[in-house]
Structure formats: C-alpha cells, structure tokens
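Geometric and topological summary
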Amino acid sequence: MAEKALLDSFLCCHICSETFREPVSLGCNHSFCSSCLDNFWDQNKNKNCPVCKRKCSKGLGMNFSLKELADKYAGREKAGESRDRTEEGRKDKYCIPDEDRELVCSKHKDEPKWFCEVEQRAVCHVCESPDDHEHTVIPLQQAVKDLKEKLTSDIESLQDKRTKCEDIEETYNEIVQYSKKQLVSTERQIRGEFEKLHQFLREEQKARLAALREEEEEKGKMIVRERKNIQDQITSFTESITAVKHELQKQDVPFLKSYKHIQTSSRAQCTQLDPQLVSGVLIDVAKHLGNLQFRVWEKMQGMINYTPVILDPNTAYGTLSLSDDLTSVSQMGSKQHLPDNLERNMIYAIVLGSEGFSSGMHSWEVHVEVGDHSHWYIGVAKESINRKGEASVTPEYGYWAIKLKSAKYNAGDKTLTLKRRPRGIKVQLDYDRGKVSFYDSKDMTHIHTYNDTFTEKLYPYFSTGKAGDAIHPDIQICQSEVSLTVKSFQ
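The following paragraphs examine the structure supplied in this document. Please read all numbers here as calculations on a predicted model, not as lab measurements.

1. Things to note about the overall build of the protein
What the protein contains, in helices and strands, is nine helices and 18 strands. Residues classed as buried in the protein amount to 30% of the 490 residues present. A separation threshold of at least 6 residues defines the contact pool for the protein, and within that pool the share at least 24 residues apart is 59%. Accessible area of the protein: about 32,800 Å², with a carbon and sulfur share of 52%.

Below you can see the structure in the form of structure tokens.
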C-alpha cells in the first residue's frame, strides 16, 4: 500500500489530482498535465509554478519517460489499440470527424497528440512517435493554443485594415457630396463670368452697329448736300442755255443790242470749274470690319484680369476663405467641414497655388493687404510636404518662406530686420539656380534669399492667421498687365 501511495503521489498532477496525461516538466522540476498547466496560467494571468510559485517557462517538449510510466500505471492501452469502453466521454473527445481524418492520418482514428513546428502539421502518435520524428514536436493542445493566438492577432490586424478601408470609403462619400456642391458653385461662377463677357460683347456690338448707322446717316446727309449743289448748278446752266438759245432767235438789230449781256453771263459760267464727286461718300467698311475681333479683344483688356498665381481650394485648410476668383485668402475663424482629400492641408491654415513649377523663373506679388495684417506666411513649398501632420516652416520640412508673427519677421529660424513694414511682398523663384527671393514690392528692396537645390515641383505657399484689427483681412495676389504683341508682315 505504501508503494502504491508513493506512485500515486509521484504520478499525480498537482492541479487535477489525476494520473498524468501528456505531462510536462518546468524548470523547478514540478510536473503537470499540459492542458492543466495551460488553464492554470490563463486563469492566473502569470506563468508561475502552481506549487512553488517560481516564475518559469513551460518545458519545450513532453516528458516522455514520465508519460510512459503514468500510462502504464493507469493501465492505459498503447496508442492505436481500442480504448477502455468505460471512458466513453474521453472517446467522444478524442474522436476525429470523418471529414478531418485525412488531414492527420488515414489509418488511425485517434486524435493526434503532437504537432510538428517545422512541417506545420499534426503528427499521428502511432505512425510517427516523437522520438522517431525528425523535427521538433510539441503537444497538440499547446500548438493549437499558439496558433489560435496568432489567428486572433491576425483578426485584430484585419479589423484594423477594415476600419481604415471604411474610413477611406467614408471620405470618398464625403468627396462625392462635396464634389456635387463644387459642381453647382463652379457652374454658377462660370455662367456669371461668361454672362459678363456676353454683356460686354452685346454692348460692344450695339455700339459698333450704332457707329455704322451714324456714319451711314452722315454720309447720306453729305450726298444730299452735294446733290442739291449739283441740282442748283444744273438749273443755273439750264437757264443760261435757254437764255442763249432765246437770244440766238432774235433779229439782227435786237440781237446786237442784247447779246453782250448774255455773252458775259454765259462765259462767266463756262469759266467755272467742272463739278467733282466728293470723296468718302461710301461707308468705311474697312474701319468697321478690319481686325474686328482683335479690336474687341484689345478693348476687353479693361475688364479682363490676369493673375500669375491662382489658389487651389482643394488644398485649403477648413478655416480659410477664398475669393470667388481664387486670388485672395482670409481667415474665417470657424472651421468648415471639408473632405480629407489627399491634397488638403489638415493641420495648419495653409493654401497652395494651383500650378507648380519645376523649372524656369517665376514671380508674383502679394497685394498691399499684407501691410496691416499681423500674421502671415508667404513663399513656396515642395509638393511632398506633410499635409496631414505637424511640421515647421523651414527648408528641412520643404518650406522656403518668410513670415510675420507677433510683430517679428522671420525666414525659417532666422530673424529678419526690415527698415519699414512692407505694403506688399514680391516673391521671385529661380528654380534652376535654386533661389527663392523676397522683395518689398514698393521699391524692390531686398528682404531675404534662400539658396538651395530643388528636386521636385514647388508650389506658391500662403498661410494666414487671424487678422485682428486689420482694415484689410485678406492676403491677395496682385494682377499682372496683359500685353498684346502684333507682328508686322515682313
């Protein structure tokens, strides 16, 4: 009896108090059923030995000697033989469904007890014993637990990916709705601009037709005057001819008495200059039709403006308000709900120009409104600036700009000393030479120049804070003169 009690104590799991099944040994030399130890650790949220409480890790493999001894002591049959019919519950537990049997072993129905980490498959404990298997094997329950933990981690990763896809889908939905608003607004503005052009053309057409009719009326009056003069002369000559003919019908003595008077009168009329047509009596068609379209276009300069930089509303931060013609920007204070499209700046009150430059020289002037504005940034920015995260307005982050903030002027980290507060800023970009220069637009006094090497497209860059008490809260880009060049025919 003492020997049996000793074996019971030696071969008994300290957790389930039953003879070991698939025993594993810890570094402290205490042994437990593999499944019992897993459950104990899961419940206690640690990996301490259930007996001595020492922190230790589970053995890498099965304690085969202890398992064999425990199986023999418990009277368990060898793997592959029929189990004891009294263990019906265990039979159901270890029976593999027919559809899964071929994945393990086509010969044996028992559930496999081992898993090959190299081949990533279950190992039949009858066909391939752990001692004879070429690779490292671990208990199947442990492998299943580890694999399920990995799959759980995959689920979290997949859920994260799905959430990101859902966020992008929501952004696309917002973009679609916002695009519809853009369509309506842009159509309205296009129609308005063309209506201005149409009105100008209608008025110009009316004026030119009126000028044509006025000329026709003046030429008509001229012809009437000239015709009246001619008719008066015809009448006078007719009367003279009649008088001469009448004189010629007289007898000799009466003729001699009166002919001198008739002769003097007729000869006076004969010495008059012959009547001539007056020039310019026809309508000057060439004046009205010559280069008509060009002359109209030339005259349109008074109503057509050209601005070298146009702001891109798709890059503007939500608190910025752009003018209808996209040439000025101001700070609203309240934030609009705008879609988070790829081009939009979402952290700082930034808007970029619609056209970028990758070569050549370019310049533009910011209007006088900057003169009494207390917080602004003006310059250029590279295309790849971080539009969704934090950055500093320095060349290291892709910005070449000057700024006014807290009554101080800066260029990057450098403080600038200006003789006076500029009423306008001229920006000059020489891409090929790697220069960005800033001038006081009043007298072209040099303010600052960056020297660098540009490797990607640069865009005009504007940022504005609250205008405070500024009379002119906008930062506006100046318009340029439009010159028309006509080449003469050689």
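Continuing now.
2. A short note on the packing of helix H6 (residues 140-248) against helix H7 (residues 252-270)
Packed helices, taken two at a time, are described by their axes: the angle between them and the distance between them. Running from N to C, H6 and H7 point in directions that differ by 160 degrees, and their axes come no closer than 10 Å. Judged by the inter-axis angle, H6 sits roughly antiparallel to H7. As for how H6 packs across H7, the hand of that crossing is left-handed. Between H6 and H7, the contacting residues are Ser236, Phe237, Ser240, Ala243, Val244, Glu247 and Leu248 on the first element and Pro254, Phe255, Ser258, Tyr259, Ile262, Ser266 and Gln269 on the second. Broken down by class, the residue content of the contact of H6 with H7 amounts to eight nonpolar, five polar and one charged.

3. With respect to the nonpolar core
In terms of nonpolar packing, the biggest core is built from 33 residues, with Trp376, Ile402, Ile425, Val436, Phe438 and Phe462 touching the most fellow members. Among the secondary structure elements, those contributing two or more residues to this core are strand S9 (361-366), strand S10 (376-382), strand S11 (399-405), strand S12 (408-411), strand S14 (425-430), strand S15 (435-440), strand S16 (445-451) and strand S17 (458-464). Ignoring sequence-local partners within four residues, the contact set of Phe462 consists of Val309, Leu311, Ala349, Ile350, Val351, Trp364, Val366, Tyr377, Ile475 and Ile477.

4. A look at the pattern of salt bridges
If you walk through the whole model with that rule in mind, you get 18 salt bridges. Here Lys164 ties to Asp160 by a salt bridge, and the two come within 3.5 Å at their closest N and O atoms. Here Asp160 and Lys164 lie together in helix H6, a separation of four residues that amounts to about one turn. Taken together, the shared-partner salt bridges connect Glu204, Arg208 and Lys299 into one network.

5. A closer look at the sheet that holds strand S5 (residues 137-139)
With antiparallel pairing, the three strands of this open sheet are ordered in space as S4-S3-S5. Edge positions in the sheet fall to strand S4 (121-123) and S5, since each of these pairs with one other strand and no more. The mean inter-strand angle of the sheet, taken between neighbouring strand axes irrespective of direction, is 40 degrees. As paired elements, strand S3 (residues 114-116) and S5 share three bridges and run antiparallel to each other. Residue Trp114 lies in a different strand from S5, and its bridge partner there is Pro139.

6. Concerning the pairing of S17
Among the seven residues of S17, seven are classified as buried, and the element is accordingly described as predominantly covered. As paired elements, S10 and S17 share seven bridges and run antiparallel to each other. Paired with Val380 across the two strands is Pro460, which belongs to S17.

7. Some points on helix H3 (residues 64-73)
Along H3, the residues classified as buried are Leu66, Lys67, Ala70 and Asp71. Along the long axis of H3, the arc covered by the buried residues comes to 130 degrees, so they all point the same way. In H3, those exposed residues whose orientation departs by more than 90 degrees from the buried face are Ser65 and Lys72. In the segment just after H3, Gly75 is the residue with positive phi, at about 75 degrees.

8. A few points about unusual backbone geometry
In this structure, Asn291 takes a positive phi of about 50 degrees despite not being glycine. Position of Asn291 relative to the elements: it lies in the loop between helix H8 (285-289) and helix H9 (292-299). Look at Asn291 and you get exposed, because its relative accessible area is 51%.

9. Points about a nonpolar patch on the surface
Taken together, the side chains of Leu209, Leu212, Ile283, Val285, Leu289 and Leu292 present a nonpolar region at the surface, about 450 Å² in accessible area. Of all the secondary structure elements, the ones that give two or more residues to the nonpolar patch are H6 and H8. Relative to the assigned elements, Leu212 resides in helix H6.

10. A closer look at the packing of aromatic side chains
Evaluation of the coordinates by the stated rule reveals eight aromatic pairs. Plain terms: the ring middles of Phe438 and Tyr450 are 6.3 Å apart, the flat faces sit at 75 degrees to each other, and that makes the pair edge-to-face. Of this pair, Phe438 sits in strand S15 while Tyr450 is found in strand S16, placing the two residues twelve residues apart along the sequence. By the burial criterion, Phe438 is buried, and Tyr450 matches it. Each member of the aromatic cluster is reached from another via a ring pair, and the members are Trp400, Tyr431 and Phe454.

11. Here's the deal with the environment of Glu68
For Glu68, the position within the fold is in helix H3. According to the relative accessible area criterion, Glu68 is partly exposed, its value standing at 47%. Distance from Glu68 to Phe20, taken between C-alpha atoms, is 9.7 Å for residues 48 residues apart in sequence.

12. Some details on the sheet that holds S12
Spatial ordering of the open sheet is given by S8-S17-S10-S11-S12-S13, a layout of six strands whose pairing is antiparallel. Since the sheet does not close on itself, it has two edges, and those belong to strand S8 (350-352) and strand S13 (414-416), each with one partner. Taken pair by pair, the neighbouring strands of this sheet meet at an average axis angle of 25 degrees, ignoring direction. Across four bridges, S11 lies against S12 in antiparallel orientation. By the bridge assignment, Lys403 is partnered in S12 with Asn410.

Cut-off values and rules
- Residues numbered from 1 in each chain as written.
- Predicted model: local features only at pLDDT ≥ 70, side-chain atom pairs only at ≥ 80, totals over all residues.
- Heavy atoms only, no water.
- Helix = DSSP H or I, 4+ residues; strand = E, 2+ residues; numbered from the N terminus.
- Buried < 20%, exposed > 50% of the residue type's maximum accessible area, 1.4 Å probe, protein only.
- Contact = heavy atoms within 4.5 Å.
- Areas by Shrake-Rupley, 256 points an atom, 1.4 Å probe, with all protein chains shown as cover.
- Axes fitted to C-alpha atoms, helices over the stretch in contact; angles between N-to-C directions.
- Parallel < 35°, antiparallel > 145°, perpendicular 65-115°, else oblique.
- Left-handed = near helix turned anticlockwise from the far one by under 90°.
- Nonpolar A, V, L, I, M, F, W, Y, C, P; charged D, E, K, R; others polar.
- Core = buried A, V, L, I, M, F, W, Y, C linked by side-chain atoms within 4.5 Å.
- Salt bridge = Lys/Arg side-chain N within 4 Å of Asp/Glu carboxyl O.
- Pairing = 2+ DSSP bridges.
- Arc of directions from axis to C-beta.
- Patch = residues over 30% accessible without salt bridge, like charges linked within 9 Å, V, L, I, M, F, W, Y side chains within 5 Å.
- Phe/Tyr/Trp six-rings, centres within 6.5 Å; stacked < 30°, edge-to-face > 60°.

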